[in-house]
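Reading the structure
Residue strings, one per chain:
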Amino acid sequence: DAGVTQSPTHLIKTRGQHVTLRCSPISGHKSVSWYQQVLGQGPQFIFQYYEKEERGRGNFPDRFSARQFPNYSSELNVNALLLGDSALYLCASSQRYERSSAGKNIQYFGAGTRLSVL
Amino acid sequence: AQSVTQPDIHITVSEGASLELRCNYSYGATPYLFWYVQSPGQGLQLLLKYFSGDTLVQGIKGFEAEFKRSQSSFNLRKPSVHWSDAAEYFCAVHTSGGGADGLTFGKGTHLIIQP
């Protein structure tokens, strides 16, 4: 079975532009989370989506947004790109989401999209 | 707020030698703790997790970790490393705010294996 797939693999944008990153979860997984990994740092949580609704958000500005589609795939959108948005963007999927057991839903990560902002 | 500290940025170990990677966390309640490994060009792969119960947990690829509440630590160990273990290792704790599954990661430890 295919793992979490992300596209594109690499992307180069200029400051002020907008970017859309895509993620397809593992078949049967209904929850998708997005992380930003700046060079030399650990991943930082951006969003979690389940059943097309946002279930959690990290400390990121409103320039970052996401959505989930009926097939459980997801898009991450970033507006008005800044140089500091250059990073590896990771998508993770998990089989389910239950608020009562938040944190116990194992996340499986894709290889990421490398975004460079010039 | 939750935080994770991995004090060693780089560690060099000879092939066949034992390994211990350190992780300290800051969290008020019983944490959910994870170790992930990231190879170049790859996503993060889960090595092991701790939710509750036995404080010594076994993972994949021969790794184990021990949860020590008194020291707020969750150190990763392997008795004998292989060249294929060279990678970036991340310790993470579940971020409970808002009820999401989001994880807070440490900055990682880069493991180098000497022949």
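In case you missed it, the structure is sitting above this.
Quick summary incoming for the structure in this document. Only a predicted model underlies this, so the values are computations on that prediction, with no experimental measurement involved. (Residues numbered from 1 in each chain as written. Chains lettered and ligands numbered in written order. Predicted model: local features only at pLDDT ≥ 70, side-chain atom pairs only at ≥ 80, totals over all residues. Heavy atoms only, no water.)

Concerning the overall build of chain B
The following threshold applies: Secondary structure is summarised from DSSP: a helix means a run of H or I of at least four residues, a strand means a run of E of at least two, and numbering begins at the N terminus for each. Atoms considered for the radius of gyration are the C-alpha atoms alone. The globule rule reads 2.2 Å times the number of residues to the power 0.38. Partly exposed residues are those whose accessible area sits between 20% and 50% of the maximum for their type, while under 20% is buried and over 50% is exposed, using a 1.4 Å probe and protein chains only. Any two residues whose heavy atoms approach within 4.5 Å at even a single point are treated as in contact. Throughout, the Shrake-Rupley method with a 1.4 Å probe supplies accessible areas, and for residues the shown protein chains are the sole cover considered. Positive: Lys, Arg. Negative: Asp, Glu. His and the chain ends are not part of the count. To locate a charge, the coordinates of NZ of Lys, CZ of Arg, CG of Asp or CD of Glu are taken.
From N to C terminus, chain B includes zero helices and twelve strands. Taken over the C-alpha trace, chain B has a radius of gyration of 14 Å; the compact-globule value for 115 residues is 13 Å, and the two agree within 12%. When the backbone C-alpha atoms are referred to their principal axes, chain B occupies close to 45 × 30 × 25 Å. A buried classification covers 48% of the 115 residues belonging to chain B. Considering only residue pairs separated by 6 or more positions, chain B has 53% of its internal contacts joining residues 24 or more positions apart. Looking at chain B as shown, the accessible area adds up to about 5300 Å², and 49% of this sits on carbon and sulfur atoms. Where the 8 positive side-chain charges of chain B centre and where its 9 negative ones centre are 4 Å apart.

Quick notes on the overall build of chain A
Helix and strand counts for chain A come out as zero helices and eleven strands. Counted from the first residue to the last, chain A has its helices and strands arranged as β-β-β-β-β-β-β-β-β-β-β. Radius of gyration (C-alpha) of chain A: 14 Å, near the 13 Å computed for a compact globule of 118 residues. For chain A, the C-alpha atoms occupy an extent of roughly 40 × 30 × 30 Å along the three principal directions. Looking at the 118 residues of chain A, the share that counts as buried comes to 51%. In chain A, the proportion of contacts linking residues at least 24 apart, taken out of those at least 6 apart, comes to 56%.

Side note on the interface of chain B and chain A
Using the following cut-off: Accessible area that two parts lose when put together, with a 1.4 Å probe and added across both, is what the buried area reports. Salt bridges are identified by distance alone: a Lys or Arg side-chain nitrogen within 4 Å of an Asp or Glu carboxyl oxygen. N or O atoms within 3.5 Å of each other form a polar contact, as long as, within protein, one can give a hydrogen and the other can take it, and as long as residues adjacent in sequence are counted only when both atoms are side-chain atoms. Asp, Glu, Lys and Arg are counted as charged, while Ala, Val, Leu, Ile, Met, Phe, Trp, Tyr, Cys and Pro are counted as nonpolar; the rest, among them Gly, fall into the polar class.
Contact residues are listed per partner, giving 22 residues for chain B and 26 residues for chain A. Summed over both sides, the interface of chain B with chain A buries roughly 1900 Å², with 57% coming from carbon and sulfur. At the junction of chain B and chain A, the tally comes to zero salt bridges. In this structure, the connection of chain B to chain A is made through three residue pairs in polar contact (both at pLDDT 80 or more). Within the residue set of the side of chain B that touches chain A, elements represented by two or more residues are strand 5 (33-38), strand 6 (44-50), strand 10 (87-94) and strand 11 (103-105) of chain B. When its residues are assigned to classes, the side of chain B that touches chain A shows ten nonpolar, nine polar and three charged.

Overview of the nonpolar core
To be explicit about the condition: For the purposes of this section, nonpolar cores are sets of buried Ala, Val, Leu, Ile, Met, Phe, Trp, Tyr and Cys residues that join through side-chain atoms within 4.5 Å.
If you look at the biggest cluster of nonpolar residues, it comprises 26 residues, and the most contacted ones within it are Leu19, Trp35, Leu47, Leu48, Phe74, Leu76 and Tyr89 of chain B. Sort the elements by how many residues they give to this core and strand 10 of chain B lands first, with four residues. Tyrosine 89 of chain B has contacts with Gln6, Leu21, Trp35, Tyr36, Val37, Leu47, Phe63, Leu76, Gly108, Thr109 and Leu111 of chain B, leaving out every residue within four places of it along the chain. Of all hydrophobic cores here, the second largest spans 22 residues; its members include Val32, Phe60, Leu81 and Tyr89 of chain A.

Here's the deal with empty space enclosed by the protein
Residue and element names in this part refer to chain B. Put simply, the test is: Each cavity reported here is a set of points on a 1 Å grid over the protein atoms alone in which a 1.4 Å probe fits but cannot get out, each pocket an open set with protein on both sides within 12 Å along at least five of seven lines, and each lining residue one with an atom within 4 Å of a point. Grid points are joined across faces, edges and corners, and a volume is the space filled by probe spheres set on the points.
Counted by the stated rule, this structure contains one cavity of 30 Å³ or more. Val37, Ser39, Leu47, Lys61, Phe63, Ser84, Asp85, Ala87 and Tyr89 together form the lining of the largest cavity. For the lining of the largest cavity, a count of residues per class yields five nonpolar, two polar and two charged.

As for the side chain of serine 93 of chain A
Residues and elements named next belong to chain A. With respect to the element layout, serine 93 can be found in strand 9 (residues 87-94). For serine 93, a relative accessible area of 1% translates into the label buried. Residues contacting serine 93, with those up to four places away along its chain left out, are Val4, Pro25, Ile26, His29, Ser31, Val32, Ile106, Gln107 and Tyr108.

Some remarks on the packing of aromatic side chains
Short version of the rule: Side-chain rings of Phe, Tyr and Trp (the six-membered ring for Trp) are treated as a pair once their centres are within 6.5 Å; stacked means planes under 30 degrees apart, edge-to-face means over 60, and tilted covers the remaining angles.
The tally for this structure, following the rule as stated, stands at 16 aromatic pairs over all chains. With a centroid separation of 6.4 Å and an interplanar angle of 45°, the aromatic rings of tyrosine 50 of chain B and phenylalanine 74 of chain B are classed as tilted. Remark: phenylalanine 74 of chain B occurs in strand 9 (residues 73-78) and tyrosine 50 of chain B occurs in strand 6; sequence separation between them is 24 residues. Across this residue pair, the class does not change: tyrosine 50 of chain B and phenylalanine 74 of chain B are buried. One aromatic cluster in this structure is built from Tyr35, Phe45 and Phe109 of chain A together with Tyr32, Phe34, Tyr36, Phe51, Phe90 and Phe105 of chain B.

Here we look at the pairing of strand 8 (residues 74-78) of chain A
Residues and elements named next belong to chain A. Cut-off, in case you're wondering: Pairing between strands requires that DSSP locate at least two bridges from one strand to the other.
Burial within strand 8 is extensive, with five of its five residues counted as buried. Side-chain alternation along strand 8 places Ser74, Leu76 and Val78 on one buried face and Glu75 and Asn77 on a second face that is also buried. Bridge count between strand 3 (residues 19-24) and strand 8: five bridges; the pairing is antiparallel. Its bridge partner being in strand 8, leucine 21 is matched across the sheet by leucine 76.

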